[in-house]
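# Observations on the three-dimensional arrangement
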Amino acid sequence: MSVSTAAVDQSVCAPLPVLGADVTVPLVTGGDVTYAALDYAASAPALQRVWDDVAAYAPYYGSVHRGAGYLSQLSTDLFESSRVTVAEFLGCRADDQVVFTRSTTDSLNLLAAALPADCQVFVFETEHHASLLPWRDARVTYLDAPRTPDQAVATLERALAGREPYGPALVCVTGASNVTGELWPVKELAAAAHAHGARIVLDAAQLAPHHPVDIAELDVDWVAFSGHKLYAPFGSGVLAGRADWLLAAEPYLAGGGASRKVARRADGGVDVEWHTTAARHEAGSPNVIGVYSIAAACKALTEAGFDRLVAREQQLVTRVREGLAGVPEVKVLSLFGDDAPRVGVISFVVEGWNSSHFAAALSAEYGIGVRDGLFCAHPLVRTLLGSEPQDPGECGAPEAAPGERSLNAIRVSFGAGTPDEHVERFLGAVRELVSKGARWTYRTEEGRCVPDRGAAQV
């Protein structure tokens, strides 16, 4: 995927209204402050527009499919029209299917369960665990982390050309790294996969909230993403793409909704005729509100104008990267280098700091929410840190001495709802913590790094 940071419409839009924008949190140093949510890569706050749409529908909530009542029919129409909205948002081809799941992880596990016999899977070690781990019942080839987009394509081509036997194959690749924010050459990887008779699934969990995703234009076979990263509430995801492998597979879950006809046999058994639509893999009562919230988010982002959203986010990316570059003790993690196009996800380490302590101080002393650890991408973060496997969440580990490598990293992430003020507060807090140190000591409590209120203030 080639993405220009110079969007067609460079007019800067205001942040989109999100839930929680006015929430205040207590500081360990006293008083309250408006919370700065800078952990979008884990879960973005829901758009106010999405929440309002869901609230407007809530009184009309009803069962879906086959219900005769008005509310059931309304909910069924809403559910199926949401499928159409998502297909349009993703630029699906005419014969693609949109299957609703619980999350990106669920979507990729569904696809893993639908792989044809003897399918070989190729996946880079740089993937999030959601796209790294579901393939355990297939023959998996894990590819080393490339250091340039061209190297990624070349590595994949060599692996596909050398596969034995030369049978069905699937490539799984992220669109935007949940660690570095860097964009991957999706279109080029798709071309390489198809040239060698393989298919490709795009993990768009981090890409879809930040940039348009067009299945037909990218020429990928499937796309997976989650609602809770797309400014919708928790609980729903999408797998969209080609229908043939999905229709040839047994239902992901067996139960009502997936079956068209069930009959007892004379021998006492049961014969089942499964649906040949997306319903085949949507057994059980669906999460109608979750599905509708995804569709509402797709509409909200489209109507806001992705060109303008991308342009504003790139300004925030530039501001954060320049601000961190001005602190010598900070090292930003990167796979493809400083010039690589990226979304609003940036990970870094601070010389002489335990990353968990630093993240906890940002929260407790400044009201800033970031993330620390290995971000469910352990092999990638360890490659970037040059470290051996360690306990990823050990807050109580000794602080790294100057010049030593951190055992984990800190991640700041933002998007369409992030105010400029939150970015400036974050950069000011980083500078102050590095120059003056934390004002409190921190310890582990039930697996979390928290201020040690029993200790004297630093």
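Everything discussed here concerns the structure shown above.
Attention in this report is confined to the structure presented alongside it. Fair warning: this is a prediction, and the values are worked out from it, not measured in the lab. (Residues numbered from 1 in each chain as written. Predicted model: local features only at pLDDT ≥ 70, side-chain atom pairs only at ≥ 80, totals over all residues. Heavy atoms only, no water.)

## Examining helix 6 (residues 186–195)
- Of all the residues in helix 6, the buried ones are Val186, Leu189, Ala190, Ala192 and Ala193. When helix 6 is viewed along its axis, its buried side chains cluster within an angular range of 160° and face the same direction.
- Looking one or two residues beyond helix 6, the residue adopting positive phi is Gly197, at roughly 75°. (Buried < 20%, exposed > 50% of the residue type's maximum accessible area, 1.4 Å probe, protein only. Helix = DSSP H or I, 4+ residues; strand = E, 2+ residues; numbered from the N terminus. Arc of directions from axis to C-beta.)

## Some details on the sheet that holds strand 14 (residues 345–350)
- Pairing is antiparallel in the open sheet, where 4 strands are placed in the order 13-14-17-16. One side of each edge strand has no neighbouring strand; the edge strands of this open sheet are strand 13 (330–332) and strand 16 (371–373). Each strand axis lies, on average, 30° off the axis of its neighbour in the sheet, ignoring direction.
- In this structure, strand 16 lies alongside strand 17 (residues 409–413), joined through 3 bridges in antiparallel fashion. The residue of strand 17 that forms the bridge with Asp372 is Ile410. (Pairing = 2+ DSSP bridges. Axes fitted to C-alpha atoms, helices over the stretch in contact; angles between N-to-C directions.)

## Observations concerning the nonpolar core
- Leu90 and Phe225 are the most contacted members of the largest nonpolar core, which totals 85 residues.
- Counting residues per element, this core draws most heavily on helix 9 (residues 288–304), at 10 residues.
- Other than its neighbours up to four places away in sequence, Phe225 contacts Val86, Leu90, Ser103, Thr104, Ala204, Ala205, Ala208, Leu230, Gly237, Val238 and Ile294.
- By size, the runner-up hydrophobic cluster in this structure holds 36 residues, among which are Val330, Phe348, Ala364 and Val434. (Core = buried A, V, L, I, M, F, W, Y, C linked by side-chain atoms within 4.5 Å. Contact = heavy atoms within 4.5 Å.)

## Here's the deal with the sheet that holds strand 7 (residues 169–174)
- Read across the sheet, 7 strands follow the order 4-10-9-8-7-5-6 without closing on themselves; strand pairing throughout is mixed. The sheet is open, and its two edges are formed by strand 4 (97–101) and strand 6 (139–143), each paired on a single side. The mean inter-strand angle of the sheet, taken between neighbouring strand axes irrespective of direction, is 20°.
- One ladder, built from 4 bridges, connects strand 5 (residues 120–124) with strand 7; its direction is parallel. From the neighbouring strand, Val123 faces strand 7, where its bridge partner is Cys172.
- Sheet strands in contact with helix 2 (residues 70–90) are strand 4, strand 9 (222–226) and strand 10 (237–241), and its direction is about 115° off that of strand 4.

## Focus: the state of the cysteines
- Using the criterion set out here, one finds 0 disulfides in the structure.
- No disulfide involves Cys13; its nearest neighbouring cysteine sulfur is the one of Cys298, lying 18 Å away.
- You can call Cys13 buried: its relative accessible area is 8%.
- Here Cys376 stays unpaired: no disulfide links it, and the sulfur of Cys172, its closest cysteine neighbor, is 15 Å away.
- Judged by relative accessible area, Cys376 falls into the partly exposed class, the value being 40%. (Disulfide = S-S within 2.5 Å.)

## Quick look at the packing of aromatic side chains
- According to the stated counting rule, one finds 10 aromatic pairs in the structure shown.
- Centre to centre, the rings of Trp353 and Phe358 are 4.9 Å apart; their planes meet at 85°, and the pair counts as edge-to-face. Accessibility classification places Trp353 together with Phe358 in one group, the buried group.
- An aromatic cluster of three or more residues is present, and its members are Phe348, Trp353, Phe358 and Phe426.
- A cation over a ring is seen here: Arg439 above Tyr366, with NZ or CZ 5.3 Å from the ring centre. (Phe/Tyr/Trp six-rings, centres within 6.5 Å; stacked < 30°, edge-to-face > 60°. Lys NZ or Arg CZ within 6 Å of the ring centre and 35° of its normal.)

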